[in-house]
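Structural features, examined
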Amino acid sequence: MQLVRIDKTHWAGKELYYHKRVDSTNAKAFSYAKEGCSHGTLVIADAQEAGRGRRGRSWCSKDGAGIYMSLVLRPSLNPGQAPGLTLVAALAVVKAIHRVIGECKCQIKWPNDVVMNGKKLCGILTEMHLMDSRIDAVIVGIGINVHKTEFPEDILTTATSIEEETGKCYSKEPLIEEILWELEGCYEEYIQTGNLERLKEEYEDYLANKGQVVKVLDPCGEYQGIAQGITATGDLIVDTGTEVRLVSSGEVSVRGIYGYV
Ligand code: BTN
């Protein structure tokens, strides 16, 4: 990738570190955060040797195949409000992809997977670092499969890339710039209220699960219901037929009953 230049934004990506190869951009971003980098600092890499996913999984990060980037945020929020930033980032990514690609079936699988035609093309890992019980930095790591690539066996049927789904080869730089620009806007809205009140409607417009039967993989017992939407704190509202349950993203996973979404 050529050295990226972000012109469109006010603060996101203005301090920028580009690496050809890193262990994990989230790990690198954290070390820059510890050294005192500014709000909006962006770390980008062409490849990751130890790309991290949610729930201890890894993230397939082959050379040049995708966007691997992490943004350092320094929000004035309570630690409990930081997880909502993951949903904020997912909304920004979907909006940016629509802006760059145009009409397409790019949606959000709650809480923060971005899918196209029902397959996952983007994952987001948000990690929070506290100092004296207050937020020092929130690292929002975004991985997007842009070009055709070979996925590991375990995600072969659920993963995809933008190129796979659209048949077109998009360059990464404009996508990165649009994502940062959308993220700035969504972030500012989130910060105003400290919750998703102002973004909920738009998030739900892109929510692939909305109105669909979902299987909630709760460790205390799986159950099914119809996903109604989200609360202002980002919980998924699931109507089981006998009761309405709120599903918190930190605790459980949700699947469609016929496939990934
Ligand atoms: C998921 O499991 O869905 C989240 C995947 C997040 C991957 C991205 S790639 C850039 C950043 N650096 C990492 O190590 N992980 C995130």
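Residues numbered from 1 in each chain as written. Predicted model: local features only at pLDDT ≥ 70, side-chain atom pairs only at ≥ 80, totals over all residues. Heavy atoms only, no water.

**What to know about the sheet that holds strand 4 (residues 106-109)**
Taken in spatial order, the 7 strands line up as 1-2-3-7-6-5-4 in an open sheet, and their pairing is mixed. What marks the edges here is a single partner per strand, and that holds for strand 1 (16-22) and strand 4. The average undirected angle you get between the axes of adjacent strands in this sheet is 20 degrees. Pairing between strand 2 (residues 42-48) and strand 3 (residues 66-73): 4 bridges, direction antiparallel. Considered in strand 3, the bridge of A45 is made with Y68. (Pairing = 2+ DSSP bridges. Helix = DSSP H or I, 4+ residues; strand = E, 2+ residues; numbered from the N terminus. Axes fitted to C-alpha atoms, helices over the stretch in contact; angles between N-to-C directions.)

**Overview of helix 4 (residues 172-193)**
With 22 residues, helix 4 ought to run about 32 Å at 1.5 Å a step, and its terminal C-alpha atoms sit 32 Å apart, in line with that. Just downstream of helix 4, G194 is the residue with a positive phi angle, here 75 degrees. (Expected span 1.5 Å × (residues − 1).)

**Quick look at the pairing of strand 2**
Summarising burial for strand 2: 7 of the 7 residues are buried, a large majority. Summarising the sheet, strand 1 and strand 2 pair through 6 bridges and their orientation is parallel. Counted as the bridge partner of L16 is L42 from strand 2. One crossover worth recording links strand 1 to the parallel strand 2 by way of helix 1 (residues 25-34), and it is right-handed. (Buried < 20%, exposed > 50% of the residue type's maximum accessible area, 1.4 Å probe, protein only. Right-handed = clockwise from strand over helix to strand, strands pointing away.)

**Remarks on the sheet that holds strand 8 (residues 213-217)**
Pairing in this open sheet of 5 strands is antiparallel, and the strands run 11-10-9-8-12 from one edge to the other. Of all the strands in the sheet, the pair left with one neighbour each is strand 11 (244-247) and strand 12 (253-256). Neighbour-to-neighbour, the strand axes of the sheet open up by a mean angle of 45 degrees, direction not taken into account. Inspection of the sheet shows strand 8 paired to strand 9 (residues 223-230) by 4 bridges, in the antiparallel sense.

**A look at helix 1**
Along helix 1, the residues that are buried comprise T25, N26, A29, Y32 and A33. Projection of helix 1 onto a plane perpendicular to its axis shows the buried side chains occupying an angular sector of 120 degrees, all on one side. Residues of helix 1 that are buried in the fold lie against strand 1, strand 2, strand 3, strand 6 (119-131) and strand 7 (134-145). In this structure S24 caps helix 1, since a side-chain oxygen of it lies 3.1 Å from the backbone nitrogen of N26. Count one or two residues on from helix 1 and you reach G36, which has phi positive near 100 degrees. (Arc of directions from axis to C-beta. Contact = heavy atoms within 4.5 Å. Polar contact = N/O pair within 3.5 Å; in protein donor to acceptor, adjacent residues only side chain to side chain.)

**Concerning the layout of surface pockets**
Of the volumes computed, that of the largest pocket is approximately 720 Å³. Lining of the largest pocket is provided by 40 residues; of these, G53, R57, S58, W59 and K120 occupy positions nearest its centre. Of all the secondary structure elements, the ones that give two or more residues to the lining of the largest pocket are helix 1, strand 3, strand 6, strand 7 and strand 12. Approximately 290 Å³ is the volume attributed to the second largest pocket. R54, P83, T86, T126 and G250 are the residues nearest the centre of the second largest pocket, which is lined by 15 residues in total. Elements that contribute at least two residues to the lining of the second largest pocket include exactly helix 2 (84-101) and strand 6. For the lining of the second largest pocket, the element with the most residues is strand 6, which contributes 5 residues. For the lining of the second largest pocket, the per-class residue count stands at 7 nonpolar, 5 polar and 3 charged. (1 Å grid on protein atoms, 1.4 Å probe; cavity = no way out; pocket = protein on both sides within 12 Å on 5 of 7 lines; lining within 4 Å. Points joined across faces, edges and corners; volume = space filled by probe spheres on them. Nonpolar A, V, L, I, M, F, W, Y, C, P; charged D, E, K, R; others polar.)

**Digging into the site of the ligand**
Taken together, 20 residues sit near the ligand, with S24, Q48, R52, R54 and K120 positioned nearest. Relative to its unbound accessible area of 410 Å², the ligand is 99% covered by the protein chains. Among the cavities detected, the one that contains the ligand is the largest pocket. At 4 residues, the largest contribution of residues to the shell around the ligand is made by strand 6. (Near = heavy atom within 4 Å. Areas by Shrake-Rupley, 256 points an atom, 1.4 Å probe, with all protein chains shown as cover. Sits in = over half its atoms within 2 Å of the grid points.)

**Thoughts on the pattern of salt bridges**
Counting across every chain of the model gives 16 salt bridges. A salt bridge links E49 to R21; the nearest nitrogen and oxygen atoms lie 3.4 Å apart. Placement of E49 in the loop between strand 2 and strand 3 and of R21 in strand 1 is noted, with a sequence separation of 28 residues between them. In this structure, E182 and K95 form a salt bridge, with 3.5 Å as the shortest nitrogen-oxygen distance. Of the two residues, E182 is situated in helix 4 and K95 in helix 2; the sequence distance between them amounts to 87 residues. Through salt bridges with shared partners, one network takes in K8, K95, R99, E178, E182 and E202. (Salt bridge = Lys/Arg side-chain N within 4 Å of Asp/Glu carboxyl O.)

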